[in-house]
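Residue-level listing of the chains:
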2 protein chains.
Amino acid sequence: MSLERSIAILSPGLLGGSLAKTIQQRMPGMELRIWARREEAVQEVKRDLPAAIASTSIAETIRGASLAVLCMPIQHMPGIAQQIAACELAEDLIVTDVGSVKGSVVAALEPIFAGTKAAFIGSHPMAGSQRTGLAHASGDLFHRAACLLTPTASTHRPHLERLRAFWIKLGCRVREMTPQEHDRTVARISHLPHTMAVLTTLAALGKDASVLDSSAGGFRDTTRVAGGDPEMWAGILLQNRTEVIAALQDASGAMRELLEMLQTMDEEALRRFLTQAKALRDLLPAV
Amino acid sequence: MSLERSIAILSPGLLGGSLAKTIQQRMPGMELRIWARREEAVQEVKRDLPAAIASTSIAETIRGASLAVLCMPIQHMPGIAQQIAACELAEDLIVTDVGSVKGSVVAALEPIFAGTKAAFIGSHPMAGSQRTGLAHASGDLFHRAACLLTPTASTHRPHLERLRAFWIKLGCRVREMTPQEHDRTVARISHLPHTMAVLTTLAALGKDASVLDSSAGGFRDTTRVAGGDPEMWAGILLQNRTEVIAALQDASGAMRELLEMLQTMDEEALRRFLTQAKALRDLLPAV
């Protein structure tokens, strides 16, 4: 039995759409209310998820919901949160989000709901794709994904437990950490790899893209995420810039070491360097 | 009908083993002769590829072969090539290799065979894996892979055509370029992505590997090749160091630009930067 009564999803993009599909698969019969900014997106939801209640009205979407999940780009979250806070809300409403940055998001959203009946707790399911939009949404996206919850000193434990139960129901492995720990962690494990894929793509193809004709799986995998949405990623990188800069500076230091080894032909040092990276990479279990 | 009579493969690792399996699938009945340095490796070949003639003797392996493919790490190729050149060779023998660097390999190997009945032409099938060894060899490895052939002014056209026919038979898309063009191309499309995966792994996990617990597909894909063999890759990066250094310096320049955008919070420039990378990455057709 679910602890939720009715779930509102705001913005049916890749994550919101995948969330909706996963809820339909794993919480059969759950009321699903979906808000989209544009009327065409509402029509797409009606075609794709006919059992859901779809609307361009935030007030209508949020009405009676016990859980609301914000799935728009993080820079738009405070504005939408303020509109939600001005609506009539259920007594037991928990508002959460799926944003990739938590320090700035939690700092902005928690106070917005502090004076309302609702409570805000940040979530970050580590799932996504370089693809965007409802058309690429999948009910498998969250299966076995880590979901990072970021409670604060103001978070009520029973709310946190309900939110945890929700993500576990969707198939996630739930972890708790502070918003600051979250931002340090994802800067290393997600935002750094994203920027490195971008730099690899630019340095590989920037002078002459015809080398693509000789590419293989290494280039394909190493650069896959560079195909992600620039608008969304500009927002993420800027909102987490302190931690991203620190991670990039470590990568930059490692790059200087590597260049030095190549310039001085220090084979021993180079082999140690590659061996250290392999040992770390081998910690990740094979799929 | 094949233009080859008998094919010798020297070193049954991931590439040599995959080559043997592909030949058995696509050139049924072809005589296959496999050399391994260690007796245990010969026994492994006899178990895994019972139809092949396996030996620790180079002279025995090369006897009567019309094509010999060197599949050991590039730093060992000149020594093995000298041993082959000292053997009794068939009149029509073509020696090739599968090494990831061509300038230094062709410069070392072409003269070794210049005084013999055999001819050397460099090959580089763009296929591989972070895994190593015969146990991971696969008859599908070369399917639709680009194979870069690097003839020189001394190459006889009929030899080149025979070699081209061989790789096409194995399922490759064959491209021709000079050894220097090859090294410039693979520095960008293969060696740079490899080093960037190494740097990403070190900067992501070097300070605290526990962040791995929060990782998702982005980290997995971006760093996959960092699990490759350090010994082999140290050889590749050093032998192609001029081109690898040039590619890394471009990546380093792009990293300085990115750091500047983050530090000055230049959202417009950051969005343009990410958009440019996405446009380049989107040139690669989806699988």
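This structure is a prediction, so every number in the text was calculated from the model and none was measured.

K.L.:
Looking at this structure, I do not really get the overall build of chain A. What am I missing?
P.N.:
Regarding its fold elements, chain A presents 11 helices and 9 strands. A compact globule built from 287 residues should have a C-alpha radius of gyration of about 19 Å, and chain A, at 21 Å, falls within 12% of that. Taken along its principal axes, the extent of the C-alpha atoms in chain A is 70 × 45 × 30 Å. Looking at the 287 residues of chain A, the share that counts as buried comes to 53%.

K.L.:
Sorry, what's going on with the domain arrangement of chain A here?
P.N.:
Size of an interface: often given as the accessible area lost when the parts come together. Residue and element names in this part refer to chain A. For chain A, the assigned domains are domain 1 (6-177) and domain 2 (182-281). On a C-alpha basis, the centres of domain 1 and domain 2 stand 31 Å from each other. Listed by partner, the interface residues are 14 residues for domain 1 and 16 residues for domain 2. For the side of domain 1 that touches domain 2, the secondary-structure elements that each account for two or more residues are α5 (103-114) and β8 (146-150).

K.L.:
When you look at the environment of Q25(B) in this model, what are you seeing that I'm missing?
P.N.:
Residue and element names in this part refer to chain B. Looking at where Q25 falls in the secondary structure, it is placed in helix α1 (residues 14-26). Looking at Q25, the number of C-beta atoms within 10 Å reads 12, which means it is exposed. As for Q25 and L170, which are separated by 145 residues in sequence, their C-alpha atoms are 8.9 Å apart.

K.L.:
Hey, could you run me through the pairing of strand β1 (residues 6-10) of chain A in this one?
P.N.:
Two faces belong to every sheet, and in a regular strand the side chains alternate between them. Residue and element names in this part refer to chain A. Along β1, 4 of the 5 residues are buried, which leaves the element largely enclosed by surrounding structure. For β1 and strand β2 (residues 31-35), the ladder comprises 5 bridges, and the chain directions are parallel. Paired with I7 across the strands is L32, a residue of β2. For the crossover from β1 across helix α1 (residues 14-26) to β2, the handedness is right-handed. Taken together, the 4 bridges between β1 and strand β4 (residues 67-70) define a ladder with parallel strand orientation. Within β4, the residue paired with A8 across the bridge is A68.

K.L.:
I keep staring at the interface of chain A and chain B and nothing clicks. Help me out?
P.N.:
The partner chain B presents 77 residues to the 77 residues of chain A that form the contact. Taken together, the elements giving at least two residues each to the side of chain A that touches chain B come down to β8, α7 (179-205), α8 (217-223), α9 (230-239), α10 (241-263) and α11 (267-281) of chain A. For the side of chain A that touches chain B, the element with the most residues is α7(A), which contributes 19 residues.

What counts, and at which threshold
- Residues numbered from 1 in each chain as written.
- Chains lettered and ligands numbered in written order.
- Predicted model: local features only at pLDDT ≥ 70, side-chain atom pairs only at ≥ 80, totals over all residues.
- Helix = DSSP H or I, 4+ residues; strand = E, 2+ residues; numbered from the N terminus.
- Rg over C-alpha atoms; globule rule 2.2 N^0.38 Å.
- Buried ≥ 20, exposed ≤ 12 C-beta atoms within 10 Å, placed from the backbone.
- Domains from an automatic or database assignment.
- Contact = placed C-beta atoms within 7 Å.
- Pairing = 2+ DSSP bridges.
- Right-handed = clockwise from strand over helix to strand, strands pointing away.

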